[in-house]
Amino acid sequence: MSKTSERCRLVLIAPDIADPAERAKVLADALKGGDVASVIVPQYGLDDGEFQKHAELLVPIIQEAGAAALIDGDSRVAGRVKADGLHISGNAEVLGEAIEKHTPKLIVGGGNAADRHHALEVGEVRPDYVFFGKTDGDIKPDAHPKNLALAEWWASMIEIPCIVMGGTDPQSALAAAETGAEFVALRLAVFGEPEQAPSVVAAVNALLDEKAPRFED
């Protein structure tokens, strides 16, 4: 096993599965496939009570696999289920408020950085990471070219780590890695066919081990 800290690592976006037990099993299986830095758990269409039930099942599974569990948007749920962090998809102001309230107890990152100007605004509030794309933005095989361009610009000049949303093709992880981004997020690429999830995670890690650029110390 190579040192994954030296190259871009995988972040999973938990799949949109209505049944909590099935969602937990699919995610647990995926995490057995290899190195995953963190898992972002979106609320999708669940009401707050249902979302908490899902999170209560998922967070321990994520943490036992050695990944960080990041709850999308709901700080109360994040606190109740003892998640590691909070993913905020709002603007710099919303992100800044969350950082003020919850760091250093929780990892707080995200930001709706659709262009360089907004990315720099997000950077000014000093999140733990900046996210380029949307957690449900994997609508094509490749990562969105705009997100790749932003990540390359960001990684070349700013020390705050970034996550790039990949596409529906697992191979899109490599294009994200080649920007210099620290993390690539995948959702449908891994969970489009749930029974394939562990082998896709393994294949993406093998691809990144072999071909992703290494970070300089």
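Residues numbered from 1 in each chain as written. Predicted model: local features only at pLDDT ≥ 70, side-chain atom pairs only at ≥ 80, totals over all residues. Heavy atoms only, no water.

Points about the side chain of Asp-138
(1) Moving on: Relative to the helices and strands, Asp-138 is located in the loop between β6 (130–132) and α6 (145–157).
(2) Moving on: Within the structure, Asp-138 has its side chain in polar contact with the backbone nitrogen of Leu-188 (distance 2.8 Å).
(3) Moving on: Those residues in contact with Asp-138 that lie beyond four places of it in its chain are Met-165, Gly-166, Gly-167, Thr-168, Arg-187, Leu-188 and Ala-189. (Helix = DSSP H or I, 4+ residues; strand = E, 2+ residues; numbered from the N terminus. Polar contact = N/O pair within 3.5 Å; in protein donor to acceptor, adjacent residues only side chain to side chain. Contact = heavy atoms within 4.5 Å.)

Considerations on the pairing of strand β5 (residues 107–110)
(1) Moving on: Relative to β5, strand β4 (residues 85–88) runs parallel, the two sharing 4 bridges. In the strand pairing of β5, Leu-86 is matched with Val-108.
(2) Moving on: Note that the unit made of β4, helix α4 (residues 92–102) and β5 has a crossover that is right-handed. (Pairing = 2+ DSSP bridges. Right-handed = clockwise from strand over helix to strand, strands pointing away.)

Details of the environment of Glu-97
(1) Moving on: Take Glu-97: it is sitting in helix α4.
(2) Moving on: Its relative accessible area of 48% is what places Glu-97 among the partly exposed residues.
(3) Moving on: Glu-97 sits 28 residues away from Val-125 along the chain, and the two C-alpha atoms are 8.9 Å apart. (Buried < 20%, exposed > 50% of the residue type's maximum accessible area, 1.4 Å probe, protein only.)

Topic: helix α9 (residues 197–211)
(1) Moving on: Taking 1.5 Å per residue, 15 residues should reach 21 Å; α9 reaches 21 Å between its end C-alpha atoms and fits that length.
(2) Moving on: Taken together, the buried positions of α9 are Ala-197, Val-200, Val-201, Val-204, Asn-205, Leu-207 and Leu-208. In a view along the axis of α9, the buried residues occupy a sector of 160°, so they form one face of it.
(3) Moving on: Contacts from the buried residues of α9 go to β1 (9–13), α1 (20–31), α7 (172–177), β8 (183–186) and α8 (188–191). (Expected span 1.5 Å × (residues − 1). Arc of directions from axis to C-beta.)

So, the pattern of salt bridges
(1) Moving on: According to the stated counting rule, one finds 7 salt bridges in the structure shown.
(2) Moving on: For Arg-7, the salt bridge identified is with Asp-209, shortest N-O distance 2.9 Å. A residue pair is termed long-range when its members are at least 10 positions apart, and Arg-7 in the segment before β1 and Asp-209 in helix α9 qualify at 202 residues.
(3) Moving on: Of the residues examined, Arg-7 reaches a relative accessible area of 1% and is grouped as buried.
(4) Moving on: Look at Asp-209 and you get partly exposed, because its relative accessible area is 24%. (Salt bridge = Lys/Arg side-chain N within 4 Å of Asp/Glu carboxyl O.)

Remarks on the packing of α1 against helix α2 (residues 48–64)
(1) Moving on: One can describe the packing of α1 onto α2 by two numbers: an axis separation of 9 Å at closest approach and a directional angle of 15°. Judged by the inter-axis angle, α1 sits roughly parallel to α2. Crossing angle aside, the handedness with which α1 passes α2 is right-handed. When α1 is examined against α2, the residues Pro-20, Ala-21, Arg-23, Ala-24, Leu-27, Ala-28 and Leu-31 are found in contact with a partner set consisting of His-54, Leu-57, Leu-58, Ile-61 and Ile-62.
(2) Moving on: For the contact of α1 with α2, a count of residues per class yields 10 nonpolar, 1 polar and 1 charged. (Axes fitted to C-alpha atoms, helices over the stretch in contact; angles between N-to-C directions. Parallel < 35°, antiparallel > 145°, perpendicular 65-115°, else oblique. Left-handed = near helix turned anticlockwise from the far one by under 90°. Nonpolar A, V, L, I, M, F, W, Y, C, P; charged D, E, K, R; others polar.)

A word on the nonpolar core
(1) Moving on: Counting residues in each nonpolar core, the largest one holds 63 residues, and the members touching the most others are Leu-12, Val-39, Ile-62, Ile-71, Phe-132, Trp-154 and Val-190.
(2) Moving on: If near-sequence neighbours (up to four positions away) are discounted, Trp-154 is found in contact with Ala-119, Leu-120, Gly-123, Val-130, Phe-132, Ile-160, Pro-161 and Cys-162.
(3) Moving on: Within the second largest apolar cluster, 10 residues are counted, among which are Ala-68, Phe-131, Met-165 and Ala-185. (Core = buried A, V, L, I, M, F, W, Y, C linked by side-chain atoms within 4.5 Å.)

Quick word on the side chain of Ser-38
(1) Moving on: Residue placement: Ser-38 occurs in strand β2 (residues 38–41).
(2) Moving on: In this structure, Ser-38 is in contact with Leu-10, Val-11, Leu-12, Ala-67, Ala-68 and Leu-70, ignoring residues within four places of it in sequence.

Section: the packing of aromatic side chains
The geometry of an aromatic ring pair is captured by the separation of the ring centres together with the interplanar angle, meaning the angle of the planes.
(1) Moving on: Scanning the entire structure with this criterion turns up 2 aromatic pairs.
(2) Moving on: When the centroid spacing of 5.9 Å and the interplanar angle of 70° are considered together, the rings of Phe-132 and Trp-154 count as edge-to-face. Remark: Trp-154 occurs in helix α6 and Phe-132 occurs in strand β6; sequence separation between them is 22 residues.
(3) Moving on: Its relative accessible area of 0% is what places Phe-132 among the buried residues.
(4) Moving on: Take Trp-154: its relative accessible area is 0%, and that puts it in the buried class.
(5) Moving on: Taking 6.0 Å as the distance between ring centres and 65° as the angle between the ring planes, the aromatic pair formed by Trp-153 and Trp-154 counts as edge-to-face. (Phe/Tyr/Trp six-rings, centres within 6.5 Å; stacked < 30°, edge-to-face > 60°.)

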